[in-house]
Amino acid sequence: MVDANTRQKLFGTPETNFLNCSKGWKSWAFTLDHKRIGIMYLIGVTVALFLAGIFALVLRSHLFTFDSTMLSDDMYNQMFTLHGAVMVFSFIIPSIPAALGNIVLPMMLGAKDVAFPRMNLASFYLWIIGTGCLLGAILSGKGLDTGWTFYTPYSIDTNTGVIYATFGAFILGFSSIFTGLNFLVTVNTMRAKDQGWFKLPLFVWSLYATAIIQVLATPVLGITLLMLIAEKTLHIGIFDPKYGGDPVLFQHFFWFYSHPAVYIMILPAMGVISELISVYSQKRIFGYSFIAFSSVAIALLGFLVWGHHMFTSGQSLVVTLIFSAITFTVAIPSAVKVFNWLATLYKGSILLNTPMCYALSFIFLFGIGGLTGLFLGALSTDIHLHDTYFVVAHFHFVMVGGTLTALLGGVFHWWPKIWGRMYNDFLGRVGCFLVFSGFNLTFFPQFVMGSRGMPRRYASYDPEFQAFHQLSTVGAFVLGIGILLSFVVLVYAAFRGPRCSSNPFRAASLEWQSSSPPDFHNFIQTPVLTDPYDFESQVYDEELDTYIPREFANPDKVAPRKEPVHH
Amino acid sequence: MSEHNEDLPAFCHPVSTKLLFGVFFGLIGLTILTVATSALGTGLGMPPAFAFPLAMVIATIKAFLVCAFFMHMYWDKSFNVLAFLSSLLFVTLFIGMTMMDTGEYQPTIEAFDRNNLANVDVSE
Amino acid sequence: MAVADSHDTHDDHHDLYDHGEFIAHHFDSAEQQFDSGKLGIWLFLVTEILFFSGLFVAYTLYRTNHPEVFEQAHVFLNKYLGGLNTIVLLFSSLTMALGVRSAQLGRNKNCSVYILITMVCATMFLGVKAVEYSHKWDMGILVRSSFDLTYTHPTPTTEIGKSLHISDYLVYLCIVPALLFAGFVVASAISKLINKNMLAKFLMAMAITVSGYFLGVCIGIIFMSATDAETGSSHASVIAEQPLMLLASTQDDHSDGDHDEADHDKADHDKAAGDPSHDGEHSDNEEHFGAHPADGGEASFDDHHPDPSTLDRDIGIFFSIYYCMTGLHAIHIIGGIIALGWLYWRSLLGHWRTDYFGPVDYVGLYWHLVDLIWIYLFPLLYLID
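Each chain carries its own residue numbering, running from 1 in the written order of its sequence. Key to labels: chains lettered from A, ligands numbered from 1, both in the order written. A pLDDT threshold of at least 70 governs which residues receive local features in this predicted model, and a stricter bar of 80 or more applies before side-chain atom pairs are shown or counted, although totals over entire chains, interfaces and linings include all residues. Where side-chain values are given, they derive from all heavy atoms of the structure, hydrogens and water being excluded.

The subject of this paragraph is the pattern of salt bridges. Here, a salt bridge means any Lys or Arg side-chain nitrogen found within 4 Å of an Asp or Glu carboxyl oxygen. Applying the stated criterion across every chain, the model contains 16 salt bridges over all chains. Here Glu536 of chain A ties to Arg506 of chain A by a salt bridge, and the two come within 3.9 Å at their closest N and O atoms. Of this pair, Glu536 of chain A sits in the loop between helix H16 (466-496) and strand S1 (538-541) while Arg506 of chain A sits in the loop between H16 and S1; the two residues are 30 residues apart in sequence, bridging distant segments of the chain. Buried means the residue's accessible area, taken with a 1.4 Å probe over protein chains only, is under 20% of the maximum for its type, while exposed means over 50%, and partly exposed covers the values in between. What makes Arg506 of chain A buried here is its relative accessible area of 3%. Asp314 of chain C is the partner of Arg144 of chain C in a salt bridge, and the nearest nitrogen-oxygen pair spans 3.0 Å. With Arg144 of chain C in the loop between helix H4 (108-138) and helix H5 (159-164) and Asp314 of chain C in the loop between helix H10 (287-291) and helix H11 (315-348), this residue pair connects regions lying 170 residues apart in the sequence. Judged on exposure class, the residue Arg144 of chain C and its partner Asp314 of chain C are both buried. Residues participating in the shared-partner salt-bridge network are Asp157, Asp240 and Lys242 of chain A. Helix and strand assignments come from DSSP, with helices taken as H or I runs of at least 4 residues and strands as E runs of at least 2, each series counted from the N terminus.

Laid out in structure tokens, this is it:
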């Protein structure tokens, strides 16, 4: 037990915190603090999200009628390429690990920072340079029309800004490697005393699995893009059939990275959901070790399935069968997670606030996205569905319905910790409702269109598909308004929201033992190691109006729970 | 082999100069051997099919020596060794799966009419 | 761990090191810091291996599908130069390992000497590589799209090229090192004048490092000439004119005494023959062939000097892969030299102690990896039969 002053110091609202401990733009631009770098990343990926989101809305507007002339065909090609490239390389890949993970991961380990703070900052600046190069394709006036995959031989022959864009993606790859390497080392060497691997929050496990992929797969993207640049400038004849090269080899190279990259996008999202489901059910996560190992299993299996993107590219039958079979096995660890989340909800004391609404949306949308993946992994159906809107709908259910939803849920969950201020939960839930319904309105019709043969990446289409496209376009705008509303709610909360306590949600992982906002060193005193899913370890302290570990509490003035739960 | 005296911290393992020089001369010997077998091997009656595997075996022995002693892997934490070796596993996977496939469509690439792109025939 | 009164360090928190010399603020102990760095560098090496893996896949693919291209192409690589470079790199690995040992024992002066030797070996490697590259460019051995084998050696046009009888390309490849060398020497002298002795010493060491490049170029030229008769690079002497050519032949006789004399003759033979298909267009460039002692036999090609018209049209792909692999490797060498320069500076400052030698160890691991990759590149590219 500690005295009231110490309690106040540890868990009360601090005078100085990482946000106000130093001032001026230099204190941000050259900061080595993981929390500030995380916030800068969060701002960065938000800009990328809005930019690529605007591209998407332009595309959807164009597709409102079957004979639209809003965009020229060339412009349409450039628009969907940039939408894809910016979303994938600049938004989704860094979104959860580099923004949210950066802020939370060291605190979950009770550490003061990541292992290599300078490398962390370098990662952010590489992100800026890389995104700049990617967008340089537009600024150069040439645009980019290859699709985000840069498939040869078209990418060699086109006169658009492939070199800018590939160089940008190359740099972004290094940014991603830096983050991954940093996280692997941090988790290995900087855990709190006695914090064994099975006392880690599942978000840490998922970031660790993600980092394995980032370190093993991303370098291959680097060399692939360098070779593509060499092919385009010097014609080295490795990918270009005009010089005896093998264009399908590019697809092998590209997907050796880019399929595992899909798991870079979804694994951290799964980690966020594991945290949210457990905290807002106030119930120990069901099947901890299964969820933990399923993350690693997904990461490793992710390396064995890249060929399922190439079923129609002339791949040999043996390889096709192997890739198809292994693709099905990925469903097992994914399903393990979903069932464990559902089992955690069962008989939990569920709090339906904004993060939880997002978490539940995630389970629903990811379920659809994952199951439709099996249709595409099956050889016979894939031949029919390949390159149709069915594929587009499938991966948007995983990337947007999965990752974006989890990102928003995670941001709402940790927002009070980051800023020490609470958001408006009603408006947050309205935003979540708009995102969920807008998303389904956008992409569900695309499953139907795709199965009826609407090919992807076409600027015009048969009139029979117009009704589906119109639903989809309306949905896209609803989705956009939902994201915008969430953004407004969050920004308002960060600056004008009511002050909140150190642990308003009765979460048990270590980051909630810091004050809100946290100190520059994260913890004023070494945190007490608690089981991240033992919520009984946190008791309500009336004086501070917050949950604190039992070890710190005044036994006369605590209650197990505050009634009714306030948030 | 690593001389460890009490004054040094636990993580400091200097390798003896004798061992380092020994490894170096071993590496030089193997380099001369591999050049010699390449230049003279078939002349001395070695089947040509052996040349490439032999060169790779010698290279691997050299790599092993460098890793184990110059890179201190012999004394390193097993996790670090595992991490390093796992990269070789993934390279094998990458090469293996790609090689299993690419033979299939080589005829298509061979048949590709490079001078007349209008007549590209991709049907088999 | 941080304590409640650590707030006063906030203003200067950009400095990583606010407790204990060379232990960053977020680590608890020297050992934790060392272990983190060590795991970090191992993971970095993992990314490096996967980075190179793409090129190894391309290599395996083309060697499997087009073995004839590799058979035809390997004769243009001089395995003795490759072997020489292998030995230079292995030696640099040895001195690096000795440097790590010195740092571990806190012997900063020894460490700085070993690092300097390592850097000189690194630039020597690049010098030899420059000879190889310029020689191939002379013969028109380039990447796939610009591959145009001629066996000719354009007469040097630059003043330096003319006076030293070396290829223009080699002259171009020496410009940046020459400027660096001059720059370091001048900067070192100025530092000495203003009494910055440590800086002067550092800059002088950098000048010595760069001079290793020119040593490499000289050794490369001599070695290439000496092994002329043995390999397909015979025409290949970078030296286009008589005097050095004669030197080359003399050396040939001494060093390759035990080689088949007929081979040697044949090589000379071909020098005289040149490539008939290019006779008209390149008459200027082929002057030196005439100047060379030749017995005037009819044009003939052998295993080492195949007729360009019989070569596979995709032979250039081999050289695309060769340039990608060795070029990427050379970039890693340059990166290594920069890192080693940083270590040299810190050795001068006497930073290494028995409980703080991490940076030397980490750069050492990187340097050994660069060596490791070359250990594989050498047989894969140079020793094909």
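What follows deals with the sheet that holds strand S3 (residues 558-559) of chain A. Two strands in a sheet stick together by hydrogen bonds in their backbones, pointing the same way (parallel) or opposite ways (antiparallel). Residues and elements named next belong to chain A. At least two DSSP bridges between two strands are needed for those strands to be called paired. On the basis of which strands lie adjacent, the open sheet formed by three strands has the order S2-S1-S3 and antiparallel pairing. Each end of this open sheet is capped by a strand with a single partner; those strands are strand S2 (546-549) and S3. Sheet topology note: the S1/S2 ladder contains four bridges and is antiparallel. The residue of S2 that forms the bridge with Asp541 is Thr546.

Between rings of Phe, Tyr and Trp, where Trp is taken as its six-membered ring, a pair exists when centres lie within 6.5 Å; planes separated by under 30 degrees are stacked, by over 60 edge-to-face, and by other angles tilted. For the coordinates displayed, the defined rule picks out 82 aromatic pairs over all chains. Between the NZ or CZ atom of Arg36 of chain A and the centre of the ring of Trp28 of chain A, over which it lies, the distance is 4.4 Å. Criterion for a charge above a ring: Lys NZ or Arg CZ within 6 Å of the ring centre, and within 35 degrees of the ring normal. Over the face of the ring belonging to Phe52 of chain B we find Arg63 of chain C, whose NZ or CZ atom lies 4.2 Å from the ring centre.

Residues and elements named next belong to chain A. Looking at the secondary structure, you find Asn503 in the loop between H16 and S1. Judged by its relative accessible area of 0%, Asn503 falls in the buried class. Any pair of residues with heavy atoms lying within 4.5 Å of one another is described as a contacting pair. Residues within four places of Asn503 in sequence aside, it is in contact with Trp512, Gln538, Thr546 and Tyr547.

A few words now on the interface of chain C and chain B. At the interface, 56 residues of chain C touch 51 residues of chain B. Counting each side, the surface lost to burial between chain C and chain B is near 4,800 Å², with a carbon and sulfur contribution of 75%. The term buried area means the drop in 1.4 Å probe accessible area that two parts suffer when joined, counted for both and summed. If you sort the residues of chain C by the area they bury against chain B, Trp42, Leu94 and Arg101 of chain C come out on top, with a joint share of 13%. Where chain C packs against chain B, one counts one salt bridge. One salt bridge connects Asp35 of chain C with Lys77 of chain B, and the closest N-O pair in it is separated by 3.5 Å. Any pair of nitrogen or oxygen atoms within 3.5 Å is treated as a polar contact; in protein, a donor-acceptor pairing is required on top of that, and neighbouring residues in sequence qualify only through side-chain atoms on both sides. The interface formed by chain C and chain B holds six residue pairs in polar contact (both at pLDDT 80 or more) in total. Sorting the residues of the side of chain C that touches chain B by element identifies helix H1 (30-65), helix H3 (79-104) and helix H12 (358-382) of chain C as the ones contributing at least two each. When residues of the side of chain C that touches chain B are assigned to their parent elements, the largest contribution, 21 residues, is made by H1 of chain C. Classification used: nonpolar for Ala, Val, Leu, Ile, Met, Phe, Trp, Tyr, Cys and Pro, charged for Asp, Glu, Lys and Arg, polar for all others including Gly. Grouping the amino acids of the side of chain C that touches chain B by side-chain chemistry returns 31 nonpolar, 12 polar and 13 charged.

Helix-helix packing: each pair is described by the crossing angle between the helix axes and the interaxial distance. Residue and element names in this part refer to chain A. The convention used is that axes are lines fitted to C-alpha atoms, helices contributing only their stretch in contact, and that angles between N-to-C directions extend from 0 to 180 degrees. Helix H15 (residues 425-451) packs onto helix H14 (residues 389-419) with a crossing angle of 170° between their chain directions and a minimal axis gap of 8 Å. Viewed along their axes, H14 and H15 adopt a mutual orientation that is roughly antiparallel. In this structure, H14 uses Tyr389, Phe390, Val392, Ala393, His394, His396, Phe397, Val400, Gly401, Leu408 and Phe412 to contact H15, whose residues at the interface are Gly428, Val435, Phe439, Asn440, Phe443, Phe444, Gln446, Phe447, Met449, Gly450 and Ser451. Broken down by class, the residue content of the contact of H14 with H15 amounts to 14 nonpolar, eight polar and no charged. Note on angle classes: values under 35 degrees are labelled roughly parallel, values over 145 roughly antiparallel, values of 65 to 115 roughly perpendicular, and the remainder oblique.

A contiguous nonpolar patch, built from Tyr169, Tyr172, Ile175, Val176, Leu179 and Leu180 of chain C and spanning about 580 Å² of accessible area, is present on the exposed surface. By secondary structure assignment, the location of Val176 of chain C is in helix H6 (residues 168-193). In this scheme, patches are assembled from residues that exceed 30% relative accessible area and form no salt bridge. Like charges are connected within 9 Å, while nonpolar side chains (Val, Leu, Ile, Met, Phe, Trp, Tyr) are connected within 5 Å. Residue burial considers only the protein chains on display, and all accessible areas are found by Shrake-Rupley using a 1.4 Å probe.

A word on the nonpolar core. Phe89, Trp341 and Phe362 of chain A together with Phe76, Phe318 and Phe319 of chain C are the most contacted members of the largest nonpolar core, which totals 318 residues. When residues of this core are assigned to their parent elements, the largest contribution, 23 residues, is made by helix H9 (residues 247-281) of chain A. Domain segmentation is taken from an automatic or database assignment of domains. No fewer than three residues from each of domain 1 (1-76) and domain 2 (78-124) of chain B sit in this core. Residues in contact with Phe89 of chain A, not counting those within four places in the same chain, are Pro94, Leu134, Trp148, Phe150, Ala169, Leu172, Leu221 and Tyr257 of chain A. To qualify as a nonpolar core, a set must consist of buried Ala, Val, Leu, Ile, Met, Phe, Trp, Tyr and Cys residues joined through side-chain atoms within 4.5 Å.

Once that is clear, we can look at the environment of Ile87 of chain C. Note on placement: Ile87 of chain C falls in helix H3. Setting aside residues no more than four positions away along its own chain, Ile87 of chain C makes contact with Ile28 and Thr31 of chain B.

A few words on the environment of Phe254 of chain A. Residue and element names in this part refer to chain A. Its location among the elements puts Phe254 in helix H9. A residue is classified by how much of its surface remains accessible, and Phe254, at 0% relative accessible area, is buried. Put simply, Phe254 and Ala217 are 37 residues apart on the chain and 10.0 Å apart in space, counted from C-alpha to C-alpha. Those residues in contact with Phe254, other than ones at most four positions away along the chain, are Trp148, Thr149, Phe150, Leu221 and Thr224.

For the rest of this paragraph, the subject is helix H11 (residues 317-345) of chain A. One less than the residue count of a helix, multiplied by 1.5 Å, gives the span that helix is expected to have. With 29 residues, H11 of chain A ought to run about 42 Å at 1.5 Å a step, and its terminal C-alpha atoms sit 43 Å apart, in line with that. Count one or two residues on from H11 of chain A and you reach Lys347 of chain A, which has phi positive near 60°.

This next bit is on the interface of chain A and chain C. By a widespread convention, an interface's size corresponds to the accessible area lost as its parts come together. Each partner contributes residues to the interface: chain A has 53 residues there, and chain C has 46 residues. Carbon and sulfur atoms supply 70% of the area that chain A and chain C bury against each other, a total of about 4,000 Å² over both sides. Across the chain A-chain C interface, the total number found is zero salt bridges. For the interface between chain A and chain C, the tally reads 11 residue pairs in polar contact (both at pLDDT 80 or more).

Once that is clear, we can look at the packing of helix H2 (residues 48-70) of chain B against H12 of chain C. Two elements in contact, H2 of chain B and H12 of chain C, have axes whose closest approach is 9 Å; the angle formed by their N-to-C orientations is 170°. Looking at the two axes, H2 of chain B sits roughly antiparallel to H12 of chain C. Contacts from Phe52, Ala55, Met56, Ala59, Thr60, Lys62, Ala63, Val66, Cys67 and Phe70 of chain B of H2 of chain B reach H12 of chain C at His368, Asp371, Leu372, Ile375, Tyr376, Pro379 and Leu380 of chain C. Residue composition of the contact of H2 of chain B with H12 of chain C, grouped by class: 13 nonpolar, two polar and two charged.

No statement about biological role is implied by the geometric values presented.
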